Amino acid sequence: MEKEGKRIDSKVKFSWKIKWMLAALLLALWSSNFSYSQENDSVRKVDITKLESYEQFRKNELVRCLTLKERNSIFQMFAKLITSDTRNGFMEFSEINKELKNIFEQMPKDESYIYELDNFLKELDYLYLKEKNIECRLAITYMKSRISDEKMKYIDWSLDLGELLKRQLKIWDIILLNKKNSPFDIWTKALKIFDEKYLTDFTHALIFIWFDESWNILVRHSTTAVEKFHEIGVENTKLDSYIFDKDRSNAKWYDIVVLRPDGSILQSILECSEEKLGSWYDNLSALRQGLWLSNNFNAKYNCVELITQSVSFDEGKKVYSSDDFDYSCLWQVNENIRNMYIEFLKSDVQKFKSKTYPNDFFEFPELFKIKYLTTINKY
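About the thresholds
- Residues numbered from 1 in each chain as written.
- Predicted model: local features only at pLDDT ≥ 70, side-chain atom pairs only at ≥ 80, totals over all residues.
- Heavy atoms only, no water.
- Buried < 20%, exposed > 50% of the residue type's maximum accessible area, 1.4 Å probe, protein only.
- Helix = DSSP H or I, 4+ residues; strand = E, 2+ residues; numbered from the N terminus.
- Pairing = 2+ DSSP bridges.
- Phe/Tyr/Trp six-rings, centres within 6.5 Å; stacked < 30°, edge-to-face > 60°.
- Lys NZ or Arg CZ within 6 Å of the ring centre and 35° of its normal.
- Expected span 1.5 Å × (residues − 1).
- Arc of directions from axis to C-beta.
- Contact = heavy atoms within 4.5 Å.
- Salt bridge = Lys/Arg side-chain N within 4 Å of Asp/Glu carboxyl O.

Trainee: Before we go on, may I ask you to explain the pairing of strand β2 (residues 204-211) in this structure?
Mentor: Consecutive side chains of a regular strand alternate in pointing toward one face of the sheet and then the other. Counting buried positions along β2 yields seven of eight residues, so the element is predominantly enclosed. Judged from the four bridges that link them, β2 and strand β3 (residues 217-223) form a sheet pairing that is antiparallel. Each bridged residue has a counterpart across the sheet, and for Phe-211 the counterpart in β3 is Ile-217. Between β2 and β3, which pair antiparallel in sequence order, lie five residues; one of them, Trp-215, sits at a positive phi of approximately 65 degrees.

See below:
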């Protein structure tokens, strides 16, 4: 009986040990799940429209605008002309890029990852509409671009920067390039010294016209380095050819902005620019604008004039056709507001026709929406 009692005692003690071990294990699992869910909640509750880096950038930009002189003195211009410009890869947005990368790293890569990234994009669309400062709109679009790239690379990790760019393009898009030339390029440098309104100065503009049979990006532009080397002027070519061929460009890298024209003007850009194929390059138009002289409209075109002098307003086309959001819903309700806006656009188109600098596109945010930013390195 005594042995039997000891056996029962040991069984009872053992069962209680098992219960305590199970309880401890469950408690540990619950606490880890709780902390994991808390961590997830903290990431998923990030307000992408109020990143610390973006808020700081916006404050700095507002201060810069308050103290901005649109034209430098002649001495400042000369100093910039002989000073090396080492900016590369949208350095003005470097802190924003770091914070975004940190957010991506912390977010759980589960079935909700794409859903969360899509929500970020929608929130930034709304922020873009509210923001009027162009440099801040560029920053917002930079954020959208990095989120879109992250989404695409999560689906297919093998995509390079060129492939990511292709997925953002639509026919009639305008591509602006900020090229860093080596050795020294006096014409590129000259374009960058006249205007201080923007942190990045773009030096070339192209029209995206389509893809070829190998899915290379085809563009139309006016250039001094066409594929037929005995000529300078308007041509159709591959974007890769213009960027990567050593005999056409010695740039080490290109910052790229994609602009999407309003639906009322995009058809004219493609059709009228096609009529200008083979026209001569205008070497003096940008200089005339820099000297505050009017455009002489001489049937020669630099890269910007090819677009500005091809634009016409088509009232029959939908105003602001966009895949992101519909600007025209209010105007459809109130015909008077819509008519006033159409008159405003017509006036903008007329002003736009005389422009010759790539940065001038940013002066017409109602005609061109900033869609995508990236950097392509040659080496």
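From this point, things continue past the structure.
Trainee: Mind showing me how you'd approach the packing of aromatic side chains here?
Mentor: When we look at a pair of aromatic rings, we describe it by the centre distance and by the angle of the planes. Inspection of every chain in the model, using the stated rule, returns 17 aromatic pairs. With centroids separated by 5.1 Å and ring planes inclined at 40 degrees, the aromatic side chains of Phe-93 and Tyr-142 adopt a geometry described as tilted. Separated by 49 residues along the polypeptide, Phe-93 in the loop between α3 (74-82) and α4 (94-106) and Tyr-142 in helix α6 (residues 134-155) bring together distant segments of the chain. Accessibility assignment for this pair places Phe-93 and Tyr-142 in one class, buried. Ring centres of Phe-361 and Phe-368 lie 5.1 Å apart, and the angle between their planes is 80 degrees; this geometry places the pair in the edge-to-face category. Pair check on accessibility: Phe-361 and Phe-368 agree, each one buried. Looking at Arg-137, its charged tip hangs above the ring of Tyr-128, at a distance of 4.4 Å from the centre. Just above the ring of Tyr-142 sits the side chain of Arg-146; from NZ or CZ to the centre is 4.8 Å.

Trainee: Can you help me understand helix α2 (residues 52-66) in this one?
Mentor: Because each turn of an α-helix spans 3.6 residues, side chains separated by three or four positions in sequence point in the same direction. Helix length check: α2 (15 residues) gives 22 Å between terminal C-alpha atoms against 21 Å at 1.5 Å per residue, within 8%. Buried within α2 are the following residues: Ser-53, Tyr-54, Phe-57, Glu-61 and Arg-64. Looking down the long axis of α2, one finds its buried residues gathered within 90 degrees of arc, a one-sided arrangement. Among the exposed residues of α2, those oriented more than 90 degrees off its buried face are Glu-52, Lys-59, Val-63 and Leu-66. The inward-facing, buried residues of α2 abut α4, α5 (113-130) and α6.

Trainee: Before we go on, may I ask you to explain the pattern of salt bridges in this structure?
Mentor: Any two side chains of opposite charge can pair, so long as their charged atoms come close to each other. One pass over the full model with this rule turns up 10 salt bridges. The shortest N-O distance in the salt bridge between Glu-131 and Arg-58 comes to 2.7 Å. Taken as a pair, Glu-131 in the loop between α5 and α6 and Arg-58 in helix α2 lie far apart in primary sequence, 73 residues in all. Since its relative accessible area comes to 6%, Glu-131 is described here as buried. A residue is classified by how much of its surface remains accessible, and Arg-58, at 31% relative accessible area, is partly exposed.

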